Amino acid sequence: MKLRKFFMRSKPFLVAGLFVFFLAGCRSQFPVLDPQGPVGKSEYQLIVFSAILIAVIVVPVLLILVYIVYRYRAHLGNNAPYTPEWADSKLLETVWWGIPILIVGVLGWYTVNTTFLLVKPPVKDVKPLTIQVISLDWKWLFQYPDQQIATVNYCEIPEGMPVQFVLTSDAPMNSFWVPQLGGQEYSMPGMAMRLWLQADKTGDYAGSGANFTGRGFAHMRFQVLARPQSSFNAWVDQIKKTSPPLTQAGYQQLKKPGVADHMSYSAYPPGLFNDVVNKNRNHPSSWRR
Amino acid sequence: MGNGNLTASHFFVTGDPLIYSADAAIILSVLSILFFLTRCHKWGWLWREWITSVDHKKIGIMYMIAAMLMLFRGGVDALLMRTQLALPNLQFLRAQHYDEIFTTHGTIMILFMAMPLMFALFNIVVPLQIGARDVAYPFLNAVSFWLFFFGAMLFNLSFVIGGSPDAGWLAYPPLSETAFSPGPGENFYIWGIQISGIGSLATGINFVATILKMRAPGMKLMRMPLFAWSVLSSSIVIIFAFPVLTITLALLFIDRFAGAHFFGMTGGANPMMYVNLIWMWGHPEVYIVVLPAFGVFSEVVSTFAKKRIFGYKSMVFSMLIISVLSFFTWVHHFFTMGAGADVNAFFAVTTMAIAIPTGVKVFNWLFTLYRGRITMASPMLWTISFIPAFVVGGATGVMLAVAPADYQYHNSYFLIAHFHQVLIGGVVFGYFAGLYYWWPKMFGFQLDERLGKWAFWLWNIGFYVCFMPQYALGFMGMTRRVYTYGWDLGWAPLNFVSTVGAFLMGAGFVFQVWQILYSIRHGRRDLTGDPWNGRTLEWSMPSPAPYYNFAQIPQVKDRDAWWMEKQQMPEEGRGNTAVKYEPIHMPKNSGIPFVMAVFWFIAGFGFTFHWIALGIAGLAGVGMSLLARSFQYKMEYEIPVEEIQRVEASMGRIG
Ligand code: HEM
Ligand SMILES: [Cu+2]
Ligand SMILES: [Cu+2]
């Protein structure tokens, strides 16, 4: 009896404790909830903030529901008030038009602010790295215009440096997603889309295509490896020395539908990325951003 | 692909045991139905009583049966997918097969299950509820049904002939263009939806006209039951949204058929245009299907709490706002497509704004229950369970509306969990509540409550077991439409749990079928016509309603017209007053809607395989059907007074 009472009393704490344990203990299992860069972090904050704000309304509503259904059930001897004709209350209605308006107001305001904020690069005083990404059937080709190397299905970035991914597609539209670094962006034929990401710490971050592109779509996973600047430089040199170059013919081969392993190239046809964009550049330029 | 150079092995889908067994099942069931009909001499009956019927009640029942069959098909698809995903690296479905199945599952569930089930409720309830003898255009109503039916048949045919579509339920180009989807699958998709879509548009027009023009005298708009209001709002959305779908798919077909460049990768095409257009229909579409569910809940809550609906005016107003707002949120389906911060911010806020009227409705339902007397019969159970499901699903919807956060949810299992929660918890539970509620009115008997409780709990437990883990899977980075995944990702346990939940829901469905079969024999007959102590006009007449509905058109003096009448009328005298009947004009049955839809089917089939001659022949048949209709002059007949007296007496309505 006592034990049960104790259990009932402490139930909320137990539940909360479990929840915290769950979040803390297995957070790395949940890449979206374990962001490792400024973009992912601000999105994470927004996720948590919106979840709390919404819980503020959801939890009471559910409690009220349980109470009402219990209190007013039709059984003999239920002496709760019964007012079958009462169907209007200006005051009450004002209250529940007001509450959602207020919540949506607050959330909307934060949303608008963050939306504008996230368009800018995460850190301003560092020179960013640019990586051009082409989604193919069914693999990812990464090109480093400054280093003149290319990789398939993985890329290295220096830790702590903002990276500008420029995305396009030479196949059906895909979406480039590295959950621990930040949210996704579509890669579309004929367009070059920009996505800023940054890894604060060294680590291997899993990424995937997120927009369905056909049979091999499930295999379009890739790795983003964040390394200290020095090992990044060493890695670039290594590739320049040991990997074969990507030729025009090699690209045509790569483009054919199929899946691929990690690959690297010491060079690639100059202007390949722009050629791909322009070849598929379809819509009048006024429609593009 | 191309004109007519298909071999038999392209035509019939081959090489897969699942498909062969489906072939066998289809052939066997068709043969047994044919055998049964011939053996029992039912062909004439089927033709006279059902196929040519323009009676809204019968059309409603046919919609319902077709929708339940489609729920079965879509549900089997779902279980196949969940089986494949239960554990990593399973070889149960191949990639191609998985892609086809999620595409047909999504398309069937929305367009060939939710829409017809909704039209079933429109048809069965609206005329009775507003005191009308039929819809405004009964012939058109039959046309709508048969177009839906043959559209759905055409779509389903792709499973065994030609191959199913596999580019997702919205068929985004360039993937759905000939370059990447060369087979007939996408053509089946386009024509199946186009043909049934014409029917849906016509139904929207029909019900707007019915509700605006056919209400019983005294039923002002603000005295109309909330279900009728929900149908009106939904139909208005249909009228504005469906033409967008028709045009979009027509353009896609021109791309595929004639090599145009609207949405492809080359020649000035723009796939983003398609994505915009399809969601300009797609988002309103989800409100089309959920608004009538809101209507059902309003009726059920007030009946089973024995209380007037709280805040009637707010309820009406909020539905109308939702109808309008639903056209201004479509971009939230592709925040990550590179629109500027200004555009994304605008659509984030409009999306959140929809939560306001929706939230108000929830509060009004709660306060209808408050100080009521709540009976937990089946319709009410489903309604009560809708509230937590929809509140949580709506809340995650608001989270998705936060544009920058959506960059992390988009295309992930978080999204899958969200939309199933609102589609099942809102739409499916809502229509179930409606079916349980109006079932006695349709068939004259009640459904067994004990089996119904089993179905209810299995569905509900299964629902949370299936979809709650998927929110977490979204946070784990699992994207939608993947047919397989590795052990290393840690997605296995939650996926397994989710699959268990899906099978619990499947068991719930089995219980429902059992419940119906059982109740046909053992269900309690509804002799009063008012088994729930209802409030609106449909409960004032016998169950099932006579084919002309009201022997005398009722006079409406207030909201909850039947409830008011019951309050004022002594128990015994009810319905027994001596009345003077007048002859009733009714529309005649017609075989033209059926024949015309068959021609549409032929046309669609022809164009799907690029057999232009067949396609044109089908269209010519459609034209001839229309022409034949225009030469019909006597389209009504009169029911004499003696017949009305006879029918009413047989139902115990004349003393
Ligand atoms: C009865 C239980 C249901 C289960 C277990 C279920 C399961 C699934 C699964 C496994 C997917 C595929 C996820 C993926 O691989 O991306 C899916 C997709 C989908 N489902 Fe369901 N579903 C159910 C009911 C419904 C209902 C009732 C509706 C609509 C009214 C619906 C609409 C959709 C849609 C639109 C998609 C997206 C298809 C696409 O990606 O093209 N589902 N569902
Ligand atoms: Cu684009
Ligand atoms: Cu939407």
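Here the structure is a predicted model, which is why all the values come from computation and not from measurement.

Student: It is not clear to me how the overall build of chain B should be interpreted in this structure. Could you clarify?
Tutor: Within chain B one finds 20 helices and two strands. Expressed as lengths along the three principal axes of its C-alpha atoms, the size of chain B is roughly 75 × 55 × 45 Å. Out of the 655 residues belonging to chain B, those deemed buried represent 65%. At a minimum sequence separation of 6, the contacts of chain B that also span at least 24 residues come to 83%. Taking the 40 positively charged and 33 negatively charged side chains of chain B as two groups, their mean positions are separated by 9 Å.

Student: It is not clear to me how the coordination of the copper ion (ligand 2) should be interpreted in this structure. Could you clarify?
Tutor: Four donors placed tetrahedrally about a metal ideally form angles of 109.5 degrees, and six donors placed octahedrally ideally form angles of 90 or 180 degrees. Donor atoms from the polypeptide that coordinate the copper ion (ligand 2) comprise M191 of chain A (SD) and M272 of chain B (SD), at 2.0 to 2.5 Å from the metal. Placement of M191 of chain A in the loop between β7 (182–187) and β8 (193–197) and of M272 of chain B in helix α9 (residues 271–304) is noted, with the two residues assigned to different chains. Judged by relative accessible area, which is 6%, M191 of chain A ranks as buried. Residue M272 of chain B is classed as buried on the basis of its relative accessible area of 10%.

Student: Sorry, what's going on with the environment of A152 of chain B here?
Tutor: Residue and element names in this part refer to chain B. Structurally, A152 can be placed in helix α6 (residues 138–157). You can call A152 buried: its relative accessible area is 2%. Separated by 449 residues in sequence, A152 and F601 have C-alpha atoms that sit 9.7 Å apart.

Student: Would you take a moment to explain a nonpolar patch on the surface for this structure?
Tutor: All names here are of chain B. A cluster of nonpolar side chains, contributed by I26, I27, V30, L31, L34 and W43, occupies part of the molecular surface with about 550 Å² of accessible area. At five residues, the largest contribution of residues to the nonpolar patch is made by helix α2 (residues 17–39). Checked against the element boundaries, W43 lands in helix α3 (residues 43–51). Looking at W43, the relative accessible area reads 42%, which means it is partly exposed.

Student: Looking at this model, I keep getting lost on the environment of R39 of chain B. Mind explaining?
Tutor: With respect to the helices and strands, R39 of chain B occurs in helix α2. Separated by 204 residues in sequence, R39 of chain B and P243 of chain B have C-alpha atoms that sit 44 Å apart.

Student: For this particular structure, what's the right way to read the pairing of strand β9 (residues 203–209) of chain A?
Tutor: All names here are of chain A. In terms of residue burial, β9 counts as a mostly covered element, since five of its seven residues are buried. As judged from the six bridges shared by β9 and strand β10 (residues 221–227), these two strands associate in the antiparallel manner. Paired with Y205 across the two strands is V224, which belongs to β10.

Student: What is the right way to read the pattern of salt bridges from this model?
Tutor: Pairing is possible between side chains that carry opposite charge, provided their charged atoms lie close to one another. On inspection of all chains with the given rule, the structure shows 12 salt bridges over all chains. The residue E85 of chain A makes a salt bridge to R308 of chain B at a minimum N-O spacing of 3.0 Å. Highlighted residues: E85 of chain A in the loop between α2 (38–71) and α3 (90–117) and R308 of chain B in the loop between α9 and α10 (312–325), drawn from two different chains. We classify R308 of chain B as buried; its relative accessible area is 15%. For R308 of chain B, the salt bridge identified is with D558 of chain B, shortest N-O distance 3.7 Å. Here D558 of chain B lies in the loop between α16 (492–522) and α17 (561–568) and R308 of chain B lies in the loop between α9 and α10, a separation of 250 residues in the sequence. Taken together, the shared-partner salt bridges connect E85 of chain A together with R308 and D558 of chain B into one network.

Student: Before we go on, may I ask you to explain the packing of aromatic side chains in this structure?
Tutor: Within a pair of aromatic rings, the relevant descriptors are the distance that separates the centres and the angle that separates the planes. Under the counting rule described, the total for this entry stands at 90 aromatic pairs over all chains. Where F511 of chain B meets W514 of chain B, the ring centres are 5.4 Å apart and the plane angle is 35°; that geometry is what we call tilted. Placement of both F511 of chain B and W514 of chain B in helix α16 is noted, with a separation of three residues, approximately one turn of the helix. On the accessibility criterion, W514 of chain B (47% relative accessible area) is partly exposed. Residue placement shows R73 of chain A over the ring face of Y70 of chain A; its charged tip is 4.2 Å from the ring centre. Over the aromatic face of F139 of chain B sits the side chain of R629 of chain B, whose NZ or CZ is 3.5 Å from the ring centroid.

Student: Can you walk me through the sheet that holds strand β4 (residues 154–158) of chain A in this structure?
Tutor: Strands belonging to one sheet form pairs held by backbone hydrogen bonds; the direction of such a pair is parallel or antiparallel. Residue and element names in this part refer to chain A. Across the sheet, five strands lie side by side as β4-β10-β9-β6-β7; this open sheet has mixed pairing. Both outer strands of the open sheet, β4 and β7, are each paired with one neighbouring strand and no more. Pairs of neighbouring strands in the sheet enclose a mean axial angle of 20°, with direction left out of account. In this structure, β4 lies alongside β10, joined through five bridges in parallel fashion. The residue bridging I157 from the neighbouring strand is A226, located in β10. Along the sheet, helix α4 (residues 229–242) contacts β4 and β10; its crossing angle with β4, the most-contacted strand, is approximately 140°.

Student: Can you walk me through the pairing of β4 of chain A in this structure?
Tutor: Taken residue by residue, a regular strand's side chains alternate between the two faces of the sheet. In terms of burial, β4 of chain A is largely enclosed, as five of its five residues are buried. Burial of the side chains of β4 of chain A extends over both faces: Y154, E156 and P158 of chain A are buried on one face and C155 and I157 of chain A on the other.

Student: Before we go on, may I ask you to explain the coordination of the copper ion (ligand 3) in this structure?
Tutor: Residues and elements named next belong to chain B. Looking at the copper ion (ligand 3), one finds its protein donor set to be H283 (ND1), H332 (NE2) and H333 (NE2), positioned 1.7 to 2.0 Å from the metal centre. Expressed as a motif, the donor residue spacing for the copper ion (ligand 3) is H-x48-H-H. We classify H332 as buried; its relative accessible area is 14%.

Rules used throughout
Residues numbered from 1 in each chain as written. Chains lettered and ligands numbered in written order. Predicted model: local features only at pLDDT ≥ 70, side-chain atom pairs only at ≥ 80, totals over all residues. Heavy atoms only, no water. Helix = DSSP H or I, 4+ residues; strand = E, 2+ residues; numbered from the N terminus. Buried < 20%, exposed > 50% of the residue type's maximum accessible area, 1.4 Å probe, protein only. Contact = heavy atoms within 4.5 Å. Lys, Arg positive; Asp, Glu negative; His and termini not counted. Charge placed at Lys NZ, Arg CZ, Asp CG, Glu CD. Donors = N, O, S within 2.8 Å, 3.2 Å for Na, K, Ca; no water. Patch = residues over 30% accessible without salt bridge, like charges linked within 9 Å, V, L, I, M, F, W, Y side chains within 5 Å. Areas by Shrake-Rupley, 256 points an atom, 1.4 Å probe, with all protein chains shown as cover. Salt bridge = Lys/Arg side-chain N within 4 Å of Asp/Glu carboxyl O. Pairing = 2+ DSSP bridges. Phe/Tyr/Trp six-rings, centres within 6.5 Å; stacked < 30°, edge-to-face > 60°. Lys NZ or Arg CZ within 6 Å of the ring centre and 35° of its normal. Axes fitted to C-alpha atoms, helices over the stretch in contact; angles between N-to-C directions.

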